[in-house]
Amino acid sequence: MIDPIKPPRRKNPLLRTRLPASPPRPRSRTSHGFTRAAAEGRFMLQRCEACGAFAYPAREACPSCLSPALAFADAPRQGTLLAETTARVPSDVYFRERAPWRIGLVKMVCGPTIVAHLHADCAEGAPVRMSFQLDKGGQAVAFARPEGDTPNMADDRQWREMTADPKFRRVFVTNGRSLIGQEAVVALKAAGAKTVFVGVAEPWRPFAGEDLLRRQEGVEVVTLDAADEKSAADLAADIGGKVDILVNTTEYVRAGGLLDRKGTSIARDEIDQAYLGFINLAQAFGPAMRMRGADGVNNSVAWVNILSVYALANWPAFGAYSASQAACLSLSHCLRAELRPGGIKVMNLFTGPVDIEWFQTVPPPKVAPRAIAQAIVSGLRGGLEEMYVGDVAEEIRQRLAANPKALERELDK
Amino acid sequence: MKKSQRTPYDGIVIAAPVTIPYVRYSIESAQWWIGRALGALVAQAGIKASDIDGLCVSSFTMGSDSGIGLTQHFGLCVRWLDTIPLGGASAIAGLRKAARAVQARDADIVACVAGDTNHVDSFRLTLENFSRFNQDAVYPYGAGGANASFALIARNYMRTFGVTREDVGRIAVAQRANALRNPHALMKAPLTLEQYLAARPISDPIHLFDCVMPCAGAEAFLVMREETAASLGLPAARLLSTIERHNAFADDPMQVRGGWAMDIGELYAMAGVKPDDLDIVQTYDDYPVITMMQFEDLGFCKKGEGAEFVRAHDLTIDGDFPHNTSGGQLSVGQAGAAGAYLGLVEGLRQVLGTAGPTQVSNASLGLASGFGMINYDRGLASGAAIFAGPSR
């Protein structure tokens, strides 16, 4: 059983901030099948399509029958911890700083044995459940947890290295005018965030839900117009060193594609708000977050984007909006690479049409803003990189994987 | 498929055991160490470099070089060449290949050499780049290197067979006693069992004195036919038998035995000797628990009786079971791939009667084993050789 982590003390401004280090990153190309699984929170192993045997580590041919048909498939998570050890003097800087570090060898029910990071409550000879997590280098690693839940489970030191749990962290929700933003504030506070900063543009203009936002304890309303470079920079000068998790809830939804619009003014607004707003936020807050990736219990850990699933496949009815989202998606991959040295996760949350005014004419199912807020919390707790929220988003994901052309034709209706 | 009968080694001998004394760190290259060893081989055997017509090399730190680059580097013109990247099994594997080469007359004199340098950062780089499975599925887990991997094996082995740290420690302590007689051993201070037990943990249950010290050095020997040695007037040991096995017992969930257990019958049958007949034994001691495993798998006792065997025997030079008489890697140091050669080269000196201060009296029949390549969760390569001195 592990003790709950304590709320971090106020930072001593005289002390040097420890710089982030990365665990070993090199992997074979095939091994990135685990990266994909970890990004989505799935547990996948290679499974031989010829003989059905599971294999691990990543291979190019089946060790049971030499078939090259080794596809990554969802696999049972159960295993037994055969033996453990605690590395006390690792040769690598990241682990040396975090030693003692506990690992073990797990015999999986489905066959292979896996070297894994261990949750402190795992015991030799006892059953464990396995997952792939993204470590601070952004690479997939196997992590064994006890089969059942244990007290303060998420506070485990090694587990917390893999996740972006809001507990005791300071979160910045960029747009408090949106329903998603307001729900995110509530959910993140409920998840144990110490402070939630919430951005509001033109704060003298009243908005629905404002009272609730301002009344909540531990919530600080701050002024931010993400589309305005100076506004973002000014705010970062105030709170940039205290943002451990940034949730980009910028929202600018307008219907229409190309031919039924006149000129570029709406498209320009979409780009200003979503795309350039993203750039402004990244340039204002990214560098400090990257510096603070190893800054104690409330280190900087994650950047969350809420994206339309139509970033992945254009929906002509909202065609220009889809394009602005696609631009943001591409930018998120750039941001992920640039925040990587800090060990900061960039989590993209894809959603279908949300139950808000701007999707008024779209038939259900629509995603409730609260569901998105809950997904943000569970994604941070699980240390995920990609999430699909709601039935529409999940369906688009599957159809895209199955046949992108079919999806393109069918979105045109 | 029926297993075929192996051809016996007929008049194959090993001569000129060479050790280039180790240093903890070296600013020289692996090639420098290998060159020293080749030079010593030629000098000790009284031959010309041009007499060497076969070359077998092992090293972790040669950079982009393999055996072929070394031929030009050292001005050797050979008609048989091999580079063996088998870590701790390199010496046995190299010996086996060289023996068959000279037996088939593909070569007359094969120089087998292993050498590694140890720069301040060499060891970490070797750990990082050891193998694909290691890179993908071991090193990112705490970066504990071989210590962590063997810790898992050791922990399981010790728990399964009720082995204590004290049992394992006896091996390390005995080897230190041997090392105190070897002027080339890097460890020069005596080691008591109390000190062994009190050492700081590295990766539980592996503690400091379970670990070898990475260093720089080189080892070498010559393989030839008996008549070649005779014509050169070279004292030589006869090769009686060898075994080699890779990825044995893949279905064992954890390693509790090495590949030796698969081939042990053949090892002694081919040599025509029994374990009891051996005068000296040199095991591959990257960790003492692996040595204990070898005592079982090489037939000195049954599986699970390793601890009892160690308690019942004196493993020092003057003891009833002289073992790792130079002090082994645990006390001499591990010079990369040369660590694979250390036991065999010392064993050859023993049966040739040239071991000097570590000489076991009347040693004529020896065994040396190798173990290597913890690719993922276990050591994959194993091998052993039995050889006899001229007095037998």
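Calculation criteria
- Residues numbered from 1 in each chain as written.
- Chains lettered and ligands numbered in written order.
- Predicted model: local features only at pLDDT ≥ 70, side-chain atom pairs only at ≥ 80, totals over all residues.
- Heavy atoms only, no water.
- 1 Å grid on protein atoms, 1.4 Å probe; cavity = no way out; pocket = protein on both sides within 12 Å on 5 of 7 lines; lining within 4 Å.
- Points joined across faces, edges and corners; volume = space filled by probe spheres on them.
- Helix = DSSP H or I, 4+ residues; strand = E, 2+ residues; numbered from the N terminus.
- Nonpolar A, V, L, I, M, F, W, Y, C, P; charged D, E, K, R; others polar.
- Salt bridge = Lys/Arg side-chain N within 4 Å of Asp/Glu carboxyl O.
- Buried < 20%, exposed > 50% of the residue type's maximum accessible area, 1.4 Å probe, protein only.
- Pairing = 2+ DSSP bridges.
- Right-handed = clockwise from strand over helix to strand, strands pointing away.
- Contact = heavy atoms within 4.5 Å.
- Polar contact = N/O pair within 3.5 Å; in protein donor to acceptor, adjacent residues only side chain to side chain.
- Axes fitted to C-alpha atoms, helices over the stretch in contact; angles between N-to-C directions.
- Parallel < 35°, antiparallel > 145°, perpendicular 65-115°, else oblique.
- Left-handed = near helix turned anticlockwise from the far one by under 90°.
- Domains from an automatic or database assignment.
- Buried area = accessible area lost by both parts, 1.4 Å probe.
- Phe/Tyr/Trp six-rings, centres within 6.5 Å; stacked < 30°, edge-to-face > 60°.
- Lys NZ or Arg CZ within 6 Å of the ring centre and 35° of its normal.

Some points on empty space enclosed by the protein
Residue and element names in this part refer to chain A.
Part 1 of the reasoning: Counted under the stated rule, the structure contains 11 cavities of 30 Å³ or more.
Part 2 of the reasoning: Estimates place the volume of the largest cavity at around 170 Å³.
Part 3 of the reasoning: Forming the boundary of the largest cavity are 17 residues, of which I180, T250, E251, I306 and Y321 lie nearest the centre.
Part 4 of the reasoning: Taken together, the elements giving at least two residues each to the lining of the largest cavity come down to β13 (302-308) and α8 (319-339).
Part 5 of the reasoning: When residues in the lining of the largest cavity are grouped by element, the largest group, three residues, is from β13.
Part 6 of the reasoning: One number sums up the size of the second largest cavity: a volume of about 80 Å³.
Part 7 of the reasoning: N248, T250, A274, F278, N305, I306, L307, Q325 and C328 together form the lining of the second largest cavity.
Part 8 of the reasoning: Of all the secondary structure elements, the ones that give two or more residues to the lining of the second largest cavity are α7 (265-291), β13 and α8.
Part 9 of the reasoning: The biggest single contributor to the lining of the second largest cavity is β13, with three residues.
Part 10 of the reasoning: The residue inventory of the lining of the second largest cavity, partitioned by class, reads five nonpolar, four polar and no charged.

Here we look at the pattern of salt bridges
All names here are of chain B.
Part 1 of the reasoning: Counting across every chain of the model gives 48 salt bridges over all chains.
Part 2 of the reasoning: With its nearest N and O atoms 2.8 Å apart, the salt bridge here joins R181 to D318. Here R181, found in the loop between α7 (165-179) and α8 (193-198), pairs with D318, found in the loop between α12 (306-312) and α13 (328-332); they are 137 residues apart in sequence, far enough to count as distant.
Part 3 of the reasoning: With a relative accessible area of 31%, R181 lands in the partly exposed category.

Points about the pairing of strand β3 (residues 80-83) of chain B
Residue and element names in this part refer to chain B.
Part 1 of the reasoning: Of the pairings in the sheet, the one linking strand β2 (residues 54-58) to β3 comprises four bridges and is parallel in character. Of the residues in β3, the one forming a bridge with G54 is W80.
Part 2 of the reasoning: With respect to chirality, the unit in which β2 leads through helix α2 (residues 67-73) into the neighbouring parallel β3 is right-handed.

A closer look at the interface of chain B and chain A
Part 1 of the reasoning: Tallying the contact residues gives 28 residues for chain B and 37 residues for chain A.
Part 2 of the reasoning: Here R132 of chain B ties to E60 of chain A by a salt bridge, and the two come within 2.7 Å at their closest N and O atoms.
Part 3 of the reasoning: The tally of links from chain B across to chain A stands at 17 residue pairs in polar contact (both at pLDDT 80 or more).
Part 4 of the reasoning: Listing elements by their share of the side of chain B that touches chain A, those giving two or more residues are α4 (122-128), α5 (132-137), α6 (145-161) and β5 (201-203) of chain B.

Points about the packing of α7 of chain A against α8 of chain A
Residues and elements named next belong to chain A.
Part 1 of the reasoning: The contact between α7 and α8 brings their axes to 9 Å, and the two run at 10 degrees. In terms of their interaxial angle, α7 and α8 are classed as roughly parallel. Where α7 crosses over α8, the handedness of that crossing is right-handed. Between α7, through E270, I271, A274, Y275, F278, I279, A282, G286 and R290, and α8, the contact on the second element is made entirely by A320, Y321, S324, Q325, A327, C328, L331, S332, L335, E338 and L339.
Part 2 of the reasoning: Class assignment of the residues belonging to the contact of α7 with α8 gives a composition of 13 nonpolar, four polar and three charged.

Points about the side chain of Q255 of chain B
Residues and elements named next belong to chain B.
Part 1 of the reasoning: Tracing the backbone shows Q255 in the loop between β8 (236-246) and α10 (260-271).
Part 2 of the reasoning: You can call Q255 buried: its relative accessible area is 5%.
Part 3 of the reasoning: When sequence neighbours within four positions are dropped, the list of residues in contact with Q255 reads I153, M293, F371, R378 and G379.

Thoughts on the sheet that holds strand β4 (residues 109-116) of chain B
Residue and element names in this part refer to chain B.
Part 1 of the reasoning: If you walk across this open sheet you meet the nine strands as β3-β2-β4-β7-β1-β8-β11-β10-β9, and the pairing is mixed. Each having just a single partner strand, β3 and β9 (280-282) make up the two edges of the open sheet. Taking the axes of each pair of neighbouring strands and ignoring which way they run, one obtains an average angle of 20 degrees across the sheet.
Part 2 of the reasoning: Sheet analysis places β9 next to strand β10 (residues 365-374), joined by three bridges and oriented parallel. Residue pairing for β10: Q282 is matched across the bridge by A368.
Part 3 of the reasoning: This element, helix α14 (residues 338-352), spans β1 (12-23), β2, β4, β7 (216-225), β8, β9, β10 and β11 (379-388) of the sheet and lies at about 55 degrees to β7.

Examining the domain arrangement of chain A
All names here are of chain A.
Part 1 of the reasoning: Split into domains, chain A comes out as domain 1 (32-158) and domain 2 (170-411).
Part 2 of the reasoning: The partner domain 2 presents 13 residues to the 11 residues of domain 1 that form the contact.
Part 3 of the reasoning: Together, E40, L134 and K136 form the three largest contributors to the area buried by domain 1 at its contact with domain 2, with a combined 54%.
Part 4 of the reasoning: Connecting domain 1 to domain 2 are one salt bridge.
Part 5 of the reasoning: The residue E40 makes a salt bridge to R397 at a minimum N-O spacing of 3.4 Å.
Part 6 of the reasoning: Run the count over domain 1 and domain 2 and you get five residue pairs in polar contact (both at pLDDT 80 or more).
Part 7 of the reasoning: If one sorts the elements of the side of domain 1 that touches domain 2 by residue count, helix α1 (residues 32-40) sits on top with three residues.
Part 8 of the reasoning: Split into classes, the residues belonging to the side of domain 1 that touches domain 2 amount to three nonpolar, three polar and five charged.

Here's the deal with the domain arrangement of chain B
Residue and element names in this part refer to chain B.
Part 1 of the reasoning: For chain B, the assigned domains read domain 1 (12-121 + 216-232) and domain 2 (128-210 + 240-385).
Part 2 of the reasoning: Each of domain 1 and domain 2 has a C-alpha centre, and these two points are 23 Å apart.
Part 3 of the reasoning: The interface of domain 1 with domain 2 comprises 35 residues on the first partner and 34 residues on the second.
Part 4 of the reasoning: Taking both partners together, domain 1 and domain 2 bury about 2,600 Å²; carbon and sulfur atoms supply 73% of that area.
Part 5 of the reasoning: For the interface between domain 1 and domain 2, the tally reads one salt bridge.
Part 6 of the reasoning: Taking the shortest distance from any N to any O, the salt bridge between E244 and R96 comes out at 2.6 Å.
Part 7 of the reasoning: At the boundary of domain 1 with domain 2, the tally comes to six residue pairs in polar contact (both at pLDDT 80 or more).

Considerations on the environment of P100 of chain A
Residues and elements named next belong to chain A.
Part 1 of the reasoning: Here P100 is to be found in the loop between α2 (93-98) and β5 (101-108).
Part 2 of the reasoning: Take P100: its relative accessible area is 40%, and that puts it in the partly exposed class.
Part 3 of the reasoning: The spatial distance from the C-alpha of P100 to the C-alpha of V89 is 7.5 Å, given a sequence separation of 11 residues.
Part 4 of the reasoning: Among residues more than four places away in sequence, those in contact with P100 are T86, A87, R88, R157 and Q158.

Digging into the packing of aromatic side chains
Part 1 of the reasoning: Summed over the entire model, instances satisfying the criterion amount to 32 aromatic pairs over all chains.
Part 2 of the reasoning: For the ring pair Y321 of chain A and F359 of chain A, a centre distance of 6.2 Å and an interplane angle of 70 degrees mean the geometry is edge-to-face. With Y321 of chain A in helix α8 and F359 of chain A in the loop between β14 (345-351) and α9 (369-382), the pair connects residues that are 38 residues apart, well separated along the chain.
Part 3 of the reasoning: Exposure remark for F359 of chain A: the relative accessible area of 3% places this residue in the buried category.
Part 4 of the reasoning: Here the aromatic residues F34, F43, Y56, F72 and F132 of chain A together with F133 and Y376 of chain B are joined through ring pairs into a cluster of three or more.
Part 5 of the reasoning: Geometry around Y252 of chain A places R254 of chain A over its ring, the cationic atom sitting 4.1 Å from the centre.
Part 6 of the reasoning: One residue, R397 of chain A, lies across the ring of Y388 of chain A, its end atom 5.4 Å from the ring centre.

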